[in-house]
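# Analysis of the macromolecular model
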Amino acid sequence: MNDINFECTTCGKCCHDLRLALTIAEAIVWLERGGHMELICEAIPWPVEPEPGNAQAEYKRARSSPAMSGSLPVRISIVLAAAFNGACPNLGADMRCGIYEERPLVCRIYPAEINPFVVLTPENKACPSDAWQKTPLQRHGILVDAATVEQVGQSRRANQLEAPLRMQVCLELGLNHAALANEGFVMISPDSDALLTALRHVHAAPESQDANAQWTFVSNRAGTLETLLSVGATGHLAEPTAAGNSRYHGFFLPS
Ligand code: SF4
Ligand code: SF4
């Protein structure tokens, strides 16, 4: 049960139309190579600390940063994402990765899941059926491939350790809008030079974060906004089209 074998066929299907979550060091290299990055922001209302033993809440807490929206305590989750539509800029005509030895951690881990609360489902992955035949990847629902286990651990540690740095990057760039978690994302495409400068700065000189930094909710649903405002948060309706370098991606139809 839940036994999964996997061996990459190097078909290159997974290297298209992606938002690849990168570490700070990987993001610096991605931009230095001329790649494009986005910051993907969501806010979780966090009026009180959850009871100990709530593993999902602890996981979210460890990967987010404290802030305020009006008088409502929130936690801000920020993903530094390499963004491309169509083929990855590093994908060659032969479907081989042109930076294979230096490819991001997340590319090494695929198709395994980094989030421990997401079940690996081969049907949801881009890999062809002949990729799921040979080397053991998972047994009884547990990852068993040693390299993948190590890389997943590395990715989780970096995501946690760098949460305050991602917040610092946003604040240095004056970014403070986020979607309500599980309802959508605010996706920001900052100027690449400005982002690179901010990333290099936080990488070299991390600062302690301001837990009172003000963030504003964005939603495409009037009811959500009304509820958030009623509990002291600040927010506004999403623009129907992208505004400046920011756009709202909602999971639900506007209402
Ligand atoms: S960096 Fe390489 S492995 Fe990662 S998406 Fe691009 S081509 Fe694929
Ligand atoms: S889609 Fe799967 S099999 Fe194809 S290159 Fe990506 S990881 Fe390998």
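Just above, that's the structure.
The structure displayed is predicted, hence computed values, not measured ones. (Residues numbered from 1 in each chain as written. Chains lettered and ligands numbered in written order. Predicted model: local features only at pLDDT ≥ 70, side-chain atom pairs only at ≥ 80, totals over all residues. Heavy atoms only, no water.)

Helix and strand content of the protein chain: seven helices and twelve strands. Relative to the globule expectation of 18 Å for 255 residues, the C-alpha radius of gyration of the protein chain, 19 Å, shows essentially globular dimensions. The principal-axis extent of the C-alpha atoms belonging to the protein chain is close to 55 × 40 × 40 Å. Expressed as a percentage of its 255 residues, the buried residues of the protein chain come to 41%. A separation of at least 24 residues holds for 78% of the contacts in the protein chain among residues at least 6 apart in sequence. For the protein chain, the accessible area works out to roughly 13,300 Å², and carbon and sulfur atoms hold 55% of it. (Helix = DSSP H or I, 4+ residues; strand = E, 2+ residues; numbered from the N terminus. Rg over C-alpha atoms; globule rule 2.2 N^0.38 Å. Buried < 20%, exposed > 50% of the residue type's maximum accessible area, 1.4 Å probe, protein only. Contact = heavy atoms within 4.5 Å. Areas by Shrake-Rupley, 256 points an atom, 1.4 Å probe, with all protein chains shown as cover.)

Bringing the packing of helix α1 (residues 24-32) against helix α6 (residues 192-204) into the picture now. The interhelical angle for the contact between α1 and α6, taken along N-to-C directions, is 145°, at an axis separation of 10 Å. The crossing of α1 and α6 is left-handed. Listed contacts from α6 to I24, A25, A27, I28, L31 and E32 of α1 are S192, L195, L196, L199, R200, V202 and H203. Residues of the contact of α1 with α6, tallied by class, amount to nine nonpolar, two polar and two charged. (Axes fitted to C-alpha atoms, helices over the stretch in contact; angles between N-to-C directions. Left-handed = near helix turned anticlockwise from the far one by under 90°. Nonpolar A, V, L, I, M, F, W, Y, C, P; charged D, E, K, R; others polar.)

Helix length check: α6, at 13 residues, gives a terminal C-alpha distance of 18 Å against a target of 18 Å (1.5 Å per residue), a fit within 8%. Along α6, the residues classified as buried are L195, L196, A198, L199 and V202. Seen from one end, α6 has its buried residues packed into an arc of 165°, which puts them on one side. For α6, the exposed residues lying more than 90 degrees away from the buried face are D193, T197 and A204. (Expected span 1.5 Å × (residues − 1). Arc of directions from axis to C-beta.)

Turning to the site of ligand 2, a few remarks are in order. Taken together, F6, C8, T9, T10, C11, G12, C14, Y110, A126, C127 and P128 make up the full set of residues near ligand 2. Looking at the shell around ligand 2 residue by residue, the class counts come to eight nonpolar, three polar and no charged. (Near = heavy atom within 4 Å.)

Let's shift gears to the pairing of strand β3 (residues 37-45). The buried fraction of β3 is high, at eight of nine residues. Here nine bridges tie β3 to strand β5 (residues 72-87), and the two strands are oriented antiparallel to one another. Bridge pairing links C41 to I78 in β5. Looking at chain direction, β3 and strand β9 (residues 184-188) are connected through three bridges and run antiparallel. Note on β9: the bridge partner recorded for I40 is M187. Examined bridge by bridge, β3 and strand β8 (residues 177-180) share two bridges and lie parallel to one another. In the strand pairing of β8, E42 is matched with A179. (Pairing = 2+ DSSP bridges.)

Here we take up the nonpolar core. In this structure, W30, M37, I76, I78, L199, W215 and F217 are the most contacted members of the largest nonpolar core, which totals 51 residues. The next biggest cluster of nonpolar side chains, apart from the first, holds seven residues, and it includes I4, F6, L120 and L137. (Core = buried A, V, L, I, M, F, W, Y, C linked by side-chain atoms within 4.5 Å.)

Where helix α5 (residues 163-172) contacts α6, the two axes come as close as 9 Å, and the packing angle between them is 135°. Comparing the axis directions of α5 and α6 gives the class oblique. Like other packed secondary-structure pairs, α5 and α6 cross with a definite hand, here right-handed. In this structure, α5 contributes L165, Q168, V169 and E172 to the contact, and α6 contributes L195, A198, L199, H201 and V202. Of the residues that constitute the contact of α5 with α6, the class distribution is six nonpolar, two polar and one charged. (Parallel < 35°, antiparallel > 145°, perpendicular 65-115°, else oblique.)

Turning our attention to the site of ligand 1. With respect to spatial proximity, the complete set of residues near ligand 1 consists of C15, L20, C88, N90, L91, C97, I99, P104 and C107. Across the shell around ligand 1, the residue classes break down as eight nonpolar, one polar and no charged.

By themselves, these observations are geometric and do not establish any function.
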